[in-house]
Amino acid sequence: MPTTTGELPGSTTESVTGPARPGEPSAVLPAGDGRTRAAEPPGPTARPRAGSTRPGEPSTVPPGNDGRTESAGLALPAGGAEAGPANGDGFAGADSDGPASGSGSGTADGTADGTADGTADGTAVETVVGTAVGTGSALGLIDAAERARLAGRPARARELLARAGYEGAPDVVRGAAQLVNGQLGLQDGPVADAREVLLLAAELLAEAEPARALAARLAAMEAAWAMGDAAACLEALDPGPGRRGSDDVNPVAGATRSGGPDHVAGPPEGDGGVAAYRAGMSAVMRGRLDTGRTRLREVVDGAGAAGVPDGPESLLLAGGAALVAGDLAAACRASSRALAVARARGPRILVAQALERLAYGELRAGRHARARAHAEDGLRTALAAGQSNLVAHHHAILALAASVEGSQEAVAEHASAAERIAAPHGLAQAATLSQWARARADLARGRLPEAAARLGPLVGAGPRHGHFALRMLAVPCFVEAAARTGQAEAARSALAEFTHWAAQGADPQAPAQLARCQALLSDGDGCEPLYAAALAHHEEAGGDFERGRTQLLYGAWLRRRRRPGEARGRLRDALVSFERGGALGWAAQTRAELRATGDAAPAEPVGPLALLTPQQLRIARCVAEGATNREVALRLSVSPRTVDHHLRNVFAALGVRSRVELSRWVDRAEKTTAHP
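Residues numbered from 1 in each chain as written. Predicted model: local features only at pLDDT ≥ 70, side-chain atom pairs only at ≥ 80, totals over all residues. Heavy atoms only, no water.

A.B. asks: I would appreciate a short explanation of the packing of helix 9 (residues 289–302) against helix 10 (residues 312–325) in the present structure.
C.D. replies: The packing of two helices is summarised by the inter-axis angle and the distance between the axes. One way to put it is that helix 9 packs onto helix 10 with a least axis distance of 8 Å and a crossing angle of 145 degrees. The handedness of the crossing between helix 9 and helix 10 comes out as left-handed. Together, Arg-293, Leu-296, Arg-297, Val-299 and Val-300 of helix 9 and Leu-317, Ala-318, Ala-321, Ala-322, Val-324 and Ala-325 of helix 10 make up the contact between the two elements. In terms of residue class, the contact of helix 9 with helix 10 is made up of nine nonpolar, no polar and two charged. (Axes fitted to C-alpha atoms, helices over the stretch in contact; angles between N-to-C directions. Helix = DSSP H or I, 4+ residues; strand = E, 2+ residues; numbered from the N terminus. Left-handed = near helix turned anticlockwise from the far one by under 90°. Contact = heavy atoms within 4.5 Å. Nonpolar A, V, L, I, M, F, W, Y, C, P; charged D, E, K, R; others polar.)

Here you go:
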């Protein structure tokens, strides 16, 4: 997330109901398994809100003269979603005239969203429009455009900006217009373009409106984060000569924010929460995680404190800071509170952002079912509010959740939906998360070469690799796939950097994952104490899914060492962990390992397949999936010659003559596919 999901991510989607653009999803429909899936809407898709952020990322909105912000994305510190006019120019908060909406849906162009909330917001906007038109005020129309954006009506906001006629106007007027323009682009459009517009807005507003200039810089940082450009993030956080491409940039991978660009709010320079956030994130981006976490904890501790406004912006800022600092409980708590406040008071675009942040926090904590529920709600809300970039992130989160729950179809649908938006809009984080989800699904099915091929680029540093903040989160998956496919050197190289990162304390699961990876790369009896150490760390960190993965690998290692009795104990524990966490694909793999130990695990084969030995059954199932003998050998940690021997016996026992015929036997005998 920062986006840190179970592996810190490490998200998924936001779009508006109504016509979608070619290739973009505009709705979610229930799938046969009770989950949701992306559907191609009949019209243009909704655009993401400007400045929307990922868990842990700040989002800015022009502040009012009372020092509060009116924001709708990752919030930067503020007292609430309402703000009064700044300098008497009518640049008011989106919700100052009426209640803000919750998660109600609306049309793609925002002309009529069919909800009471939307009607109230729309009336407020049109009242301001009428006044502005009557007085010929460009600032009034820009104010109305910002209100429309915050109300989830991006098309109306763009129309109002076009009517403002601010070309040739003073810098403060043009800067105000470009700030709204850039935030709209951050919601729905190429984020690199949005970043340039926002930096221009910051320059134009620097002298007359320093608070809004800060809002623009924070929004530009959101855009740079979505792009995966660490140097550009630091430049926006701490502008100065020669900042771009500076060698001083050394982000701590994994300390990431989650969420797509949505809305940004800019509190005054003197706001302690924003100052601490900027200082903390700057330190993190330079690789000084200890210093950064100290400042970020100030943001977390300040949220909800006596005398501190309990607005959704400040709560979202605190939730993002907690994710980067590795405090998952505080991150989920702050995001949940932000969601409640945003639904009660608005603005509308903050609801989808809060849901995305909360979903990401739950995913990183290993609560995948909860993450899916929040992301499904967030997807619908983002679609209704025109936040297409946030839609991509919700889809990515749903793909990651599905990769644990075992639905290959759901992984493919959500990953594809995220990538359809991420590619044209330059959303490196959403693209990385979707590829990670595909790789983890391969890993769950035992498709180790495929998983290693997907993950290799994600864990590398530099251009054309994965998002800089997600690299370390994907390393444990890569090491598992690479170590089991004979790529030990590549696995050791990735693990060396992960070892340093794990020592920083940014992810509670990292110590256990590190010991597990070391066990995978160790020989002989050296593995056992490392697996034991990993399980001890899991007891401290919690989380059924990661603990189950360690138990599964430990049990498989014990079985290969011809210690079936001990292996069964570990594998049964793994099965309980996976079943309790809803990790159905991993549970199927564990049952196959149990059968290989001679244990009568659930889902025993029936019919002709009951004639096969456990090892023969595992090989038959692999072949039925289309694996070659060499691929089967890699999955089961045996030699290709052993696979060939067992496969001949399978053919003889079942009376089949080809691999195609064997696949038909397996399909008929098992209504649902089991993946050894």
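Text resumes after the structure shown.
A.B. asks: Just to check I follow, could you spell out the environment of Leu-495 for this structure?
C.D. replies: Within the fold, Leu-495 resides in helix 19 (residues 488–502). You can call Leu-495 buried: its relative accessible area is 8%. Sequence separation of Leu-495 and Met-472 is 23 residues, and the distance between their C-alpha atoms is 9.0 Å. Those residues in contact with Leu-495 that lie beyond four places of it in its chain are Val-479, Leu-514, Cys-517, Gln-518 and Leu-521. (Buried < 20%, exposed > 50% of the residue type's maximum accessible area, 1.4 Å probe, protein only.)

A.B. asks: Teacher, can you tell me more about the environment of Glu-539 here?
C.D. replies: Summarising the element assignment, Glu-539 is placed in helix 21 (residues 527–541). Sequence separation of Glu-539 and Ala-512 is 27 residues, and the distance between their C-alpha atoms is 9.2 Å.

A.B. asks: Please clarify how the nonpolar core should be interpreted in this entry.
C.D. replies: Proteins that are soluble and globular tend to have nonpolar side chains buried together. Counting 128 residues, the largest nonpolar core has Trp-436 and Phe-498 as its most contacted members. Per element, the largest residue contribution to this core is eleven residues, and it comes from helix 14 (residues 388–405). Residues in contact with Phe-498, not counting those within four places in the same chain, are Met-472, Val-475, Pro-476, Ala-510, Gln-513 and Leu-514. Judged by nonpolar contacts, the second largest core, of 18 residues, contains Ile-142, Ala-144, Ala-145 and Ala-157. (Core = buried A, V, L, I, M, F, W, Y, C linked by side-chain atoms within 4.5 Å.)

A.B. asks: What's the story with the packing of aromatic side chains in this structure? I'm lost.
C.D. replies: Geometry of an aromatic ring pair is reported as the spacing of the ring centres plus the angle between the planes. With the rule as written, the count across this model stands at eight aromatic pairs. On the numbers, 5.1 Å between centres and 65 degrees between planes, the contact of Trp-225 with Phe-468 is edge-to-face. In this pair, Trp-225 is assigned in helix 6 (residues 210–227) and Phe-468 in the loop between helix 17 (448–459) and helix 18 (471–483), connecting sequence segments 243 residues apart. Here Trp-225 matches Phe-468 in class, with each residue buried. Taking the centre distance of 5.3 Å and the plane angle of 50 degrees together, the rings of Phe-498 and Trp-501 count as tilted. Of this pair, Phe-498 and Trp-501 both sit in helix 19, three residues apart, roughly one helical turn. (Phe/Tyr/Trp six-rings, centres within 6.5 Å; stacked < 30°, edge-to-face > 60°.)

A.B. asks: What am I meant to see in unusual backbone geometry here?
C.D. replies: Among all residues save glycine, negative phi is the norm, and among peptide bonds the norm is trans. Of note, the amide linkage connecting Gly-346 to Pro-347 takes the cis form, showing an omega dihedral of 0 degrees. Structurally, Pro-347 is set in the loop between helix 11 (328–345) and helix 12 (349–364). Even without being a glycine, Arg-562 presents a positive backbone phi close to 60 degrees. Looking at the element boundaries, Arg-562 is found in the loop between helix 22 (544–560) and helix 23 (564–581).

A.B. asks: What is the right way to read the environment of Leu-448 from this model?
C.D. replies: Tracing the backbone through its elements, the reader meets Leu-448 in helix 17. Look at Leu-448 and you get buried, because its relative accessible area is 1%. In this structure the C-alpha to C-alpha distance between Leu-448 and Glu-480, which are 32 residues apart in sequence, comes to 8.4 Å. Discounting residues that sit within four places of it in the chain, Leu-448 has contacts with Leu-443, Ala-481, Arg-484, Thr-485, Leu-634 and Arg-635.

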